[in-house]
Amino acid sequence: MAIAGRPNVGKSTLLNRVLGAKLAIVTPKPQTTRSRVLGIRTTPEWQTVWIDAPGLRGRLPEKTLMNERMEQTARQTIADADVVVLVVDAANGTGESDREAGRRVTASGRPWVIAANKIDLLPRERMIPLLAELGTRHPDVDVVPISAATGENVDELESIVARRLPAGPALYPEDDLTDQSGRTIVQEFVREKVFELTAEEIPYRTAVLVESFVEKPERNLNVVHATIFVERDSQKKILIGEGGSRIREIGQRARLDLEAFFGVRFHLQLFVKVRRDWARDPRVLDEIGI
């Protein structure tokens, strides 16, 4: 299943809720998800594969190779899916961006459902008109009100989606959660902390590349060296912080999440380098998986 929708509607939160684990990074800022994130959900009844992709945009916020690749990833994820879950933000209402996302999903020819998310933030008296509006606009599409944050109705959404999937053998071992490499997961968790601890343009001007990932099972330890790329010296100064305070906090927060995810200790060393115009450099984008 492809999880589609405009930015900031809760797609990554929904993926994490379905999986029962934090796999996709989540921040309140746009462009948090830059590449596809595949999650595997196995139950006694079925195995489903959910793919979170970058948000669909009517117009790119900036013409860079990175943004073009993100848009292509979002489109290709929908095209390759057996079922598409279009997520809309019920709390803030639907607008032209949601309608454009709906048009793209419809044009794909794939079966789809609508997840009206964030109902925990929506007064009940506003929910009925919203669901009626979506039902009128898409009369042949199931509309499921959910809260990815609290889990309300997510099991119902999952059941509806599973019934629409073609039958077939399981694609992954039952204990697999994702096809992502350890390096990719580290890059994403570090980037999430950059988003959390910096403001304005800094998060969007950064990329993370794991230079080395060494497993030491005899010590229950992973040793990782990662580089955070920025575009200007001034951004590097902000990211490092006074006396290295900010980069240390980024590393400490990322380490705690990584240890919880992998179940082993992490020694995480972060470096910051200026790489001008990295978002337009295909070699950098290839290295970081965009």
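Parameters at a glance
- Residues numbered from 1 in each chain as written.
- Predicted model: local features only at pLDDT ≥ 70, side-chain atom pairs only at ≥ 80, totals over all residues.
- Heavy atoms only, no water.
- Pairing = 2+ DSSP bridges.
- Helix = DSSP H or I, 4+ residues; strand = E, 2+ residues; numbered from the N terminus.
- Axes fitted to C-alpha atoms, helices over the stretch in contact; angles between N-to-C directions.
- Contact = heavy atoms within 4.5 Å.
- Salt bridge = Lys/Arg side-chain N within 4 Å of Asp/Glu carboxyl O.
- Buried < 20%, exposed > 50% of the residue type's maximum accessible area, 1.4 Å probe, protein only.
- Phe/Tyr/Trp six-rings, centres within 6.5 Å; stacked < 30°, edge-to-face > 60°.
- Lys NZ or Arg CZ within 6 Å of the ring centre and 35° of its normal.

Engineer: What is the right way to look at the sheet that holds strand β8 (residues 221-230) in this model?
Structural biologist: One open sheet holds the three strands; their spatial order is β7-β8-β9, and the pairing between them is mixed. Across the chains shown, the open sheet's two edge strands, defined by having one partner strand only, are β7 (207-216) and β9 (265-274). Averaged over all neighbouring strand pairs, the angle between strand axes comes to 15 degrees, with direction disregarded. In this sheet, β9 lies alongside β8 in parallel orientation, the contact comprising ten bridges. Across the sheet, the residue bridging to V223 is H267, located in β9. Where helix α7 (residues 233-240) meets the sheet, its contacts fall on β8 and β9, and the angle it forms with β9 comes to roughly 155 degrees. Where helix α8 (residues 245-262) meets the sheet, its contacts fall on β8 and β9, and the angle it forms with β9 comes to roughly 140 degrees.

Engineer: Hey, could you run me through the pattern of salt bridges in this one?
Structural biologist: A pair can form between side chains of opposite charge whenever their charged atoms are brought close. Applying the stated criterion across every chain, the model contains 27 salt bridges. Measuring nitrogen to oxygen at the nearest pair gives 2.4 Å for the salt bridge that ties K22 to E192. Of this pair, K22 sits in the loop between α1 (11-19) and β2 (37-42) while E192 is found in helix α6 (residues 182-197), placing the two residues 170 residues apart along the sequence. When its relative accessible area of 2% is taken as the criterion, E192 is described as buried. When the shortest N-O distance is used, the salt bridge between R164 and D142 registers 2.9 Å. Residue R164 is located in helix α5 (residues 154-164), and its partner D142 is located in the loop between α4 (124-137) and β6 (143-145); the two are separated by 22 residues in the primary sequence. Assessed through its relative accessible area of 32%, D142 is described here as partly exposed. What you see here is one network of salt bridges that share partners, running through K22, E192, K193, E196, E249, R253 and D257.

Engineer: Just to check I follow, could you spell out the packing of aromatic side chains for this structure?
Structural biologist: Centre distance and the angle of the planes are the two values used to describe a pair of aromatic rings. Under the criterion given, the structure shown has six aromatic pairs. Ring plane angle 75 degrees and centroid distance 5.1 Å describe the contact between F261 and F262, whose orientation is recorded as edge-to-face. Given the relative accessible area of 24%, F261 is considered partly exposed. You can call F262 partly exposed: its relative accessible area is 28%. An aromatic cluster of at least three residues, connected via ring pairs, comprises F189, F213, F261, F262 and F266. The ring of F189 carries K22 above its face, with NZ or CZ at 5.1 Å from the centroid.

Engineer: Would you explain the pairing of β8 in this entry?
Structural biologist: For a regular strand, side chains alternate in direction, first toward one face of the sheet and then toward the other. Most of β8 is tucked away: nine of the ten residues are buried. When β7 meets β8, the two strands line up antiparallel, connected through nine bridges. Residue V210 lies in a different strand from β8, and its bridge partner there is A226. Hairpin connection, β7 to β8: the antiparallel pair is bridged by four residues, and N220 has positive phi, about 55 degrees.

Engineer: Explanation requested: unusual backbone geometry in the structure shown.
Structural biologist: Even without being a glycine, N153 presents a positive backbone phi close to 65 degrees. Position of N153 relative to the elements: it lies in the loop between β6 and α5. Of the residues examined, N153 reaches a relative accessible area of 30% and is grouped as partly exposed. A positive phi angle is found at D277, which is not glycine, with a value near 55 degrees. Within the secondary structure, D277 is located in the loop between β9 and α9 (282-288).

Engineer: Would you mind showing me how to read the sheet that holds strand β3 (residues 47-52) here?
Structural biologist: Adjacent strands of a sheet form backbone hydrogen bonds with each other and so pair up, either parallel or antiparallel. Strands sit in the order β2-β3-β1-β4-β5-β6 across an open sheet of six strands; the sheet is mixed. Both outer strands of the open sheet, β2 and β6, are each paired with one neighbouring strand and no more. Neighbour-to-neighbour, the strand axes of this sheet turn through a mean angle of 25 degrees, independent of strand direction. Taken together, the six bridges between β2 and β3 define a ladder with antiparallel strand orientation. Across the sheet, the residue bridging to I40 is V49, located in β3. Lying on the sheet, α4 is in contact with β4 (84-89), β5 (112-117) and β6; it crosses β6 at an angle near 160 degrees.

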